[in-house]
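# Observations on chain architecture
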Amino acid sequence: MPVTTAPTEADLEARIHAVLRLAFPWLPPGSLKHQLKFTFKFGHKIVEVDGVAASQAQARADILVFHNSTPLAVLELKREGLALTQDDTDQGLSYARMVDPRPPLVVITNGVDLTIIETHTGKEWQPSTPSEEALGKLFTAAGILAASDLQHAVEVLMGPGSRVWMSGVRAATDATLADLTGRWDEFEKPFVDGFLIPRFATAEVLENVRAGKRITIVEGAPLAGKSNVLREVALGQAHADDMAVLFVEADSHGGGIISMISAILEDALGWHISADDARSWLARLSKQDGPVLVLAIDGLGTARDEIRRDIEELSGDRYGNNLRLIIGVDDTVTTRLTMNETGRKATKIGRRSTIVTLDVLAASEFGQAVNLLLDLRIGIMKGGQSAIEYRIPWVLRSLGADVTTSPQYANEALNAALPPLLGVELLNRARERFDESNDIRHSYRALAEAVLVDTADDARLPATVLQSMETFVIRRKTLKDHIDISELKELISRGFAKESVNEDQDMVIVARLPELLASELAFQIAHELKDRMADPSAAAEWLIAACARLPLGDIIGAQALFDLVSIGGSIPMSFITEMLSVKPRAEKLRPGMKFAMNVPGSGRMEFTVRDDGQVMVEIGAVRHVVPAEEFADGEMYAEMDSWMILAHLAGHPFVAQELDGTLVGRADPLLLTEIGTAPMALRRPVLQEDMSGVLMHHIEGHGSIVCHHAGIVEPITYSIYTFLRRDHAGVEDWIDEAIDRKSFPLLARIEIALLMLVESGNAQVAGWASEVLGSTVRPALKEFPGLH
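Residues numbered from 1 in each chain as written. Predicted model: local features only at pLDDT ≥ 70, side-chain atom pairs only at ≥ 80, totals over all residues. Heavy atoms only, no water.

## Thoughts on the packing of aromatic side chains
As a reminder of what qualifies: Aromatic pairs are defined between Phe, Tyr and Trp rings, using the six-membered ring for Trp, whenever the two ring centres lie within 6.5 Å; interplanar angles under 30 degrees are classed as stacked, those over 60 as edge-to-face, and all others as tilted. The secondary structure listing takes helices from DSSP runs of H or I that are at least 4 residues long and strands from runs of E that are at least 2 residues long, numbered from the N terminus. For every residue, the accessible area (1.4 Å probe, protein chains only) is compared with the maximum for its type, and the residue is labelled buried under 20%, exposed over 50%, or partly exposed between those bounds.
All chains considered together, the criterion is met by nine aromatic pairs. With a centroid separation of 4.8 Å and 50° between ring planes, the pair formed by tryptophan 184 and phenylalanine 195 is classed as tilted. Of the two residues, tryptophan 184 sits in the loop between β8 (181-182) and β9 (191-192) while phenylalanine 195 sits in the loop between β9 and α7 (200-210), which places them eleven residues apart along the sequence. Each member of the pair, tryptophan 184 together with phenylalanine 195, is buried. Both rings, one in tyrosine 718 and one in tyrosine 721, keep their centres 5.8 Å apart while their planes meet at 15°; by these two values the pair is stacked.

Written as structure tokens, this is what we have:
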């Protein structure tokens with residue numbers, strides 16, 4: 001048999017009826033009714049008071065009593081045996097003064113002791129003769145309350161003795177988040193309604209908060225999604241019993257954090273509270289035994305002294321453990337918050353902080369993003385799971401903006417399909433995000449100039465060279481000749497650049513928006529190519545070498561060729577021929593060969609091929625010996641840069657010409673046919689482990705090809721796909737020529753492209769692709785070794 005220890009709703013109802021007879025014996029019993037739940041407006045939010053839940057969880061319940069259909073009293077019903085206190089009176093009065101229309105009385109009782117308070121005066125009601133006429137005068141008086149009475153009511157309800165402060169905090173958070181939420185194409189607003197990618201970092205942050213950590217810092221590159229992590233924390237805890245989150249947009253109201261909090265509460269709740277009042281309020285709440293107040297402080301830029309002082313104060317001894325801070329910062333700011341000027345000692349903030357680092361989307365996070373996009377009728381073609389650009393949240397938002405703002409999107413019968421990779425479109429996205437009027441773009445143009453100079457310096461030390469091939473870094477000594485020191489400091493303070501010291505002890509500057517820097521590099525290279533194009537062969541050689549030294553080098557090179565045309569230059573056929581002549585090749589590992597790479601989680605790894613053919617792997621002072629077969633069957637690939645650049649170019653129809661201006665004709669079909677024969681995957685190395693590997697088949701005598709189950713992961717395959725989709729009505733000769741080449745890699749790439757077209761939403765193209773697959777391409781493939 002179940003045993004009940006808390007009062008049941010039936011018990012509560014019986015007590016209420018008994019109390020009402022005790023308080024108002026002179027009123028007809030049938031004229032009194034009550035509500036166990038009632039609401040009132042608190043700022044922009046409607047707060048619900050639940051008497052049943054309160055009676056089960058606390059020592060009192062709040063009930064709204066009606067005389068006929070008019071609110072008569074707020075009843076504060078305490079448990080039997082508990083003494084009545086001033087806190088009970090204050091809470092009852094605060095509720096009564098917030099309800100509209102206002103009940104004229106507050107009844108406080110434990111079932112034995114009884115006090116009746118006038119709402120408008122706060123004094124005990126002691127009429128000479130209780131009557132309905134006397135109540136009538138109270139109804140009139142209750143409607144006339146001074147602003148100070150309402151202010152006091154808000155103060156009481158926002159205090160630690162009431163749970164209403166949680167609703168007030170959440171109302172303020174809702175107002176702030178609403179102000180920061182816009183349409184997909186309103187990029188000045190960080191949030192989109194209905195689109196929030198769940199992040200692992202959010203769970204880690206909440207774990208720290210619930211573990212009692214006073215400060216949790218969420219750090220990452222600009223546009224990495226830090227604001228959305230804080231938003232996810234706030235929304236996810238909107239109904240939690242153990243915490244309420246106040247979202248604070250740093251620098252939104254000026255001053256320090258405490259001043260911002262007072263301004264936020266005044267804007268959202270109409271609660272006139274000074275910075276000193278806010279400080280006292282925070283101190284009181286922080287020392288309560290109940291729920292935790294969490295300050296989620298977003299967008300903290302340069303660590304101003306007043307901001308730093310407020311964070312130190314709020315996490316210090318004056319405040320109890322029920323006040324906790326989550327701070328979203330660019331990773332360039334973290335050190336200035338947590339370390340002293342020498343960088344050798346942690347600050348007070350550093351000693352109290354736990355740091356959560358936000359990177360690009362992990363595989364499962366990307367899967368969540370895909371599901372969110374599918375709910376919006378936006379899909380990503382097979383292969384997108386292996387594209388690093390789709391792991392960048394701002395890129396997904398940019399693509400979503402294109403789709404959702406298109407007139408065709410209004411047709412709910414249509415679905416949009418995003419390409420499996422972006423290529424040069426990634427740089428165009430960056431240009432749209434930071435247009436010509438943006439000062440960051442002008443500063444990045446100076447960084448691009450410095451990058452080209454720095455990467456061409458053969459005197460750089462090995463660690464610097466390796467680092468610059470994986471991320472955009474510039475040695476400080478090179479950069480000083482290209483950008484004013486004050487402009488560089490501004491970039492760093494705003495999080496768009498970061499100072500660092502690498503393994504060679506070179507002081508370097510790291511660009512925190514790689515897509516934007518790649519875009520500016522393409523412009524710089526285009527202008528340089530225009531000057532060099534008088535000698536097409538030398539220009540091609542220079543382009544290949546320059547791009548081989550750069551991260552995203554293939555995309556930069558392709559975009560540079562498009563930009564070259566846009567600034568009035570031309571691409572001679574001899575230039576294309578020269579680039580085609582630099583073919584990618586596979587090299588067997590040979591004794592004495594040395595190479596190095598950076599591996600996430602392991603750092604720099606150096607490799608030496610020994611005389612016995614095995615490979616010595618060195619990670620710091622640790623050495624391992626592994627068989628050469630573990631390195632792509634003992635092969636390495638070289639000279640891939642030129643064909644990688646052309647692979648992007650080939651996806652766009654263009655006409656080549658000789659130096660004298662004579663038109664040669666369409667060049668893109670020729671590029672597709674030639675580059676498609678590459679006997680290895682023409683794909684940039686990806687450092688993220690869950691994207692670095694794709695399904696491959698190694699066919700002896702034909703090379704290694706991507707399995708069709710992986711989808712489109714190579715730019716050349718995507719270029720073939722776009723060519724066939726666009727020109728399918730007239731490509732029979734091109735397909736016949738591809739078959740005549742008897743190239744297994746080329747036919748395998750064509751098969752993947754056709755399979756993707758079969759799955760496309762265009763019925764006409766899908767039917768054509770299916771026919772070509774069955775009648776032409778697959779019969780030709782049967783002449784080669786089987787795969788499955």
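## Quick look at the packing of helix α16 (residues 425-433) against helix α21 (residues 514-532)
Put simply, the rule reads: Lines fitted to C-alpha atoms define the axes, with helix axes restricted to the stretch in contact, and inter-axis angles between N-to-C directions lie between 0 and 180 degrees. In this scheme, roughly parallel covers angles under 35 degrees and roughly antiparallel covers those over 145, while 65 to 115 is roughly perpendicular and the rest are oblique. Residue contacts are defined here by distance: any two heavy atoms, one from each residue, within 4.5 Å place the two residues in contact. Residue polarity is assigned by list, with Asp, Glu, Lys and Arg as charged and Ala, Val, Leu, Ile, Met, Phe, Trp, Tyr, Cys and Pro as nonpolar; anything else, Gly included, falls into the polar class.
Relative orientation of the contacting elements α16 and α21 amounts to 100°, with a least axis distance of 8 Å. Taken as axis vectors, α16 and α21 run roughly perpendicular relative to one another. The segment α16 lies against α21, with Leu426, Leu427, Ala430 and Arg431 engaging Glu515, Leu516, Ala518, Ser519, Ala522 and Phe523. Among the residues forming the contact of α16 with α21, the class breakdown is seven nonpolar, one polar and two charged.

## As for a negative patch on the surface
Quick note on the threshold: Note that patches include only residues with greater than 30% relative accessible area and no salt bridge, and the join distances are 9 Å for like charges and 5 Å for nonpolar side chains (Val, Leu, Ile, Met, Phe, Trp, Tyr). What sets the accessible areas is the Shrake-Rupley method with a 1.4 Å probe; for residues, cover comes only from the shown protein chains. Every case where a carboxyl oxygen of Asp or Glu lies within 4 Å of a side-chain nitrogen of Lys or Arg is listed as a salt bridge. All tallies of charge rest on Lys and Arg as positive and Asp and Glu as negative; His and the ends of each chain are not included. For the purpose of locating charges, the reference atoms are NZ of Lys, CZ of Arg, CG of Asp and CD of Glu.
A cluster of acidic residues, Glu732, Asp733, Asp736, Glu737 and Asp740, forms a negative patch on the protein surface. Within the secondary structure, aspartate 736 sits in helix α29 (residues 732-740). Exposure remark for aspartate 736: the relative accessible area of 38% places this residue in the partly exposed category.

## Quick word on the sheet that holds strand β18 (residues 497-501)
The test is simple: Two strands form a pair only when DSSP identifies at least two bridges running between them.
Taken in spatial order, the three strands of this open sheet run β17-β19-β18, and their pairing is antiparallel. The sheet is open, and its two edges are formed by β17 (473-475) and β18, each paired on a single side. For this sheet, the mean inter-axis angle between neighbouring strands, taken without regard to orientation, is 30°. Across three bridges, the pairing between β17 and strand β19 (residues 507-511) is antiparallel. Directly across from isoleucine 474, in β19, lies its bridge partner isoleucine 509. Of the strands in this sheet, β17 and β19 touch helix α17 (residues 439-455), which is tilted by about 70° from β17.

## Re the pattern of salt bridges
By the definition in use, this model includes 32 salt bridges. Where arginine 279 meets aspartate 276, a salt bridge forms, and the shortest distance between an N and an O atom there is 3.1 Å. Of the two residues, arginine 279 and aspartate 276 are both situated in helix α10 (residues 275-286); the distance of three residues between them amounts to about one turn of the helix. Judged by relative accessible area, arginine 279 falls into the buried class, the value being 17%. A salt bridge links aspartate 563 to arginine 431; the shortest N-O distance between them is 2.8 Å. Taken together, the residues aspartate 563 in helix α23 (residues 553-566) and arginine 431 in helix α16 connect sequence positions 132 residues apart. The exposure class assigned to aspartate 563 is buried, which follows from its relative accessible area of 4%. Among the charged side chains, a network of salt bridges with common partners joins Asp276, Arg279, Glu313 and Arg318.

## Structural notes on the sheet that holds strand β13 (residues 323-330)
Reading across the sheet, the five strands line up as β11-β12-β13-β10-β14 and stay open at both edges, with parallel pairing between neighbours. Two strands close off the open sheet at either side, each with one partner strand: β11 (243-249) and β14 (353-358). The average undirected angle you get between the axes of adjacent strands in this sheet is 20°. Across six bridges, strand β10 (residues 215-220) lies against β14 in parallel orientation.

## Some remarks on helix α15 (residues 393-404)
Think of an α-helix as 3.6 residues a turn; residues three or four steps apart then line up on the same face. Applied cut-off: Multiplying one less than the number of residues by 1.5 Å gives the expected span of a helix.
With twelve residues, α15 should reach 16 Å at 1.5 Å per residue; the first-to-last C-alpha distance of 16 Å fits that figure. Across the twelve residues of α15, eleven count as buried, placing the element largely inside the fold. Tucked into the core, α15 has its buried residues touching β9, α14 (363-375), β15 (378-380), β16 (416-418), α16 and α21.

## Some points on unusual backbone geometry
In most cases, non-glycine residues show a negative phi, while peptide bonds are predominantly trans. With omega at 0°, the peptide bond leading from aspartate 100 into proline 101 counts as cis. Its identity as a non-glycine residue notwithstanding, asparagine 68 has a phi of 60°, on the positive side. By the element assignment, asparagine 68 lies in the loop between β4 (60-67) and β5 (70-78). Exposure remark for asparagine 68: the relative accessible area of 45% places this residue in the partly exposed category. With phi around 55°, leucine 552 is a residue other than glycine that occupies positive phi space. You can see leucine 552 is positioned in the loop between α22 (536-548) and α23.

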